[in-house]
Each structure stands twice: as structure tokens, then as C-alpha cells.
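# An overview of the molecular structure
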Amino acid sequence: MSQDDTSQLDRRRTADAPIHGPEGFAGMRRAGRLTAEALDLLVEHVRPGVTTQALDDLTVAFARDHGAYSATLLYRGYPRSICTSINHVVCHGIPNDKPLRDGDILNIDITLIVDGWYGDSSRMYFVGEVPRRAARLCDVTHDCLMRGVQAVLPGRTTNAIGAAIQSHAERERCSVVRDFCGHGVGRVFHDAPTVLHYVEASYDVPLRPGMIFTIEPMINLGRPQVKVLSDGWTAVTRDRSLSAQFEHTVGVTESGVEVFTYSPKGYHRPPYDIAA
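An account of the accompanying structure is given in this report. (Residues numbered from 1 in each chain as written. Predicted model: local features only at pLDDT ≥ 70, side-chain atom pairs only at ≥ 80, totals over all residues. Heavy atoms only, no water.)

Moving on, we come to empty space enclosed by the protein. For the structure shown, the criterion picks out one cavity of 30 Å³ or more. In this structure, the largest cavity spans a volume of roughly 50 Å³. Along the walls of the largest cavity sit S122, R123, H142, L145, F246, E247, H248, S263, Y267 and H268, which together make up its complete lining. Every element with two or more residues in the lining of the largest cavity is listed here: β5 (117-126) and α4 (132-150). Its residues assigned to classes, the lining of the largest cavity shows three nonpolar, five polar and two charged. (1 Å grid on protein atoms, 1.4 Å probe; cavity = no way out; pocket = protein on both sides within 12 Å on 5 of 7 lines; lining within 4 Å. Points joined across faces, edges and corners; volume = space filled by probe spheres on them. Helix = DSSP H or I, 4+ residues; strand = E, 2+ residues; numbered from the N terminus. Nonpolar A, V, L, I, M, F, W, Y, C, P; charged D, E, K, R; others polar.)

Dropping the structure here:
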């Protein structure tokens, strides 16, 4: 989840990103893994007829059973413990009692706090049989995420991440949402640096070992413009085109990157093979 407005972005542009040591990386491994396990848990529950509120309830129970709690619940007034964004919803969709329908694509975004460390990740899910264009969008979006992750290397800058994501999305005739971005994370939910998913010459932060942040591209089949609905949270595509998102929390190491939120079950992109 990244609730960014212009003032926050401006502040993080000039802020120094925290540098974490071994203790921080160990804490983020625990938080990231538990968040990934929660996302794994939901795979078998995402199906037609299930409500997003039911998915929220499952996550709350899982977190409680593992001594964790959700970072999003009541964060700036957000009313639920996960975000569930369906079809043309870009991000921050609020769980409710409306059943999922066959053919929906769904992003679930979870941030769990474990011993004071924030594990932040999201994945796409297929509800039943989805249209080919929706499945293709999810493939492109996951590829964008992983290209962004692979671009992380000490000595490079955040624009290397943006370039990797933007070039692939646009090559596949999709667009990158500009209104939301990745962010520093650790013992604080949203911190420096801001991580843009496109190239911005006026903002380019050097990557240094010890930095921890999210990469979470939102990719649209249509145009990149979004609008926020009257609930103050739900962001949708202005042209009603489909949108998808994947997110990992990563740390910059001395030689490259560590991903804290990989799926323990290998559920990287849908469709997920539950039997395996």
C-alpha cells in the first residue's frame, strides 16, 4: 500500500533514506516471509462467490495466530486490514461483501508488522477463468516488477528501476501509473526513498547497500491516468481499462538485491498451481 500525495513525494525527494544493518535485514526477512505466507494462504480462497471481506477476515486471523498485525487497519483512516483491487481498480480497493465474479482479476496488498518491522507485498489473483487480455496484463506486470528488481544494484540509481519497468510496459503497449510509487520501508510504513516506476530526470536517488524499499508497479492496459473515488481511497483507471500490480519489498546488498517477500510456495504469478 502506498498512500502518496504530492507533499509526501516532495518530502521524500529530499530525505535521506535510512541505511539498515544486519538486524534490519533479519527483521525484514521475518516480516516479509510472513506477509508472503499470508498471500499464499489466500490462493485457495480466491474463487467466484467469495467476498473480499472474507479474504480480509482470513488475513486478520492468520496475522493474529502468528503474533502479527496489519499495518493498514486504521492507517490514516483506512478501514480494513488488506487492500483488494478488482479489474479497473488500480490500488487501495476496500474489502466488502460483494462476491467475486468469474473472470475478475484481483490484486491483494498486505502489509504485516512483525516485531516492529513492516513486510509489504501484493500479488494478482485470477477468479475462475479470466480473459486472455487480463492474463496477459498480469504477465506483463509481473515481468515489469522482476525487471525492476533485477535493476537494483549498489552504484545505480532509482531511475534504473524506473527505466526497466517503463521500457518493458511500453514495449508491450501498456502504460505505467504515475500517481503511486514504491517507498522506503522498515520500522516505518512509508519512508525514503520514493521509488518511481518510470524515468524522471529531476528525481534520481543513488542506491546504497542497506536501503530497503518496495517496488510495486501498477500497469494499465489503457492510459495511465487514474482518479480516486469518493471514499478517499479507491483509485481507478479513468478510461475503465484493466489494471494490475505486483509488489515486493527488497533490500540493497553489497553485491545486488535481496527480496524479502518471495512466495514460500512458489506462487509468483497466476494461475497458481495449488496442487504443486
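This is not the end of the story, as more comes after the structure.
Moving on, we get to unusual backbone geometry. A192 connects to P193 through a cis peptide bond whose omega is 5 degrees. Inspection of the secondary structure puts P193 in strand β8 (residues 191-195). A cis amide bond links P270 to the next residue, P271, at an omega of 0 degrees. By the secondary structure assignment, P271 is in the segment after β15 (257-259). Backbone geometry at D115 places phi at a positive 55 degrees, although glycine is not the residue there. Position of D115 relative to the elements: it lies in the loop between β4 (105-114) and β5.

Relative to the helices and strands, H183 is located in strand β7 (residues 182-184). For the pair formed by H183 and I215, sequence separation is 32 residues and the distance between their alpha carbons is 7.5 Å. Among the polar contacts listed, one links the side chain of H183 to the backbone oxygen of F189, at a separation of 3.1 Å. Within polar-contact distance, the side chain of H183 engages the side chain of E216 at 3.4 Å. (Polar contact = N/O pair within 3.5 Å; in protein donor to acceptor, adjacent residues only side chain to side chain.)

Topologically, L34 is positioned in helix α2 (residues 22-42). A residue is classified by how much of its surface remains accessible, and L34, at 8% relative accessible area, is buried. With 188 residues separating them along the chain, L34 and G222 place their C-alpha atoms 34 Å apart. Those residues in contact with L34, other than ones at most four positions away along the chain, are F62, H66, A68, L112 and V114. (Buried < 20%, exposed > 50% of the residue type's maximum accessible area, 1.4 Å probe, protein only. Contact = heavy atoms within 4.5 Å.)

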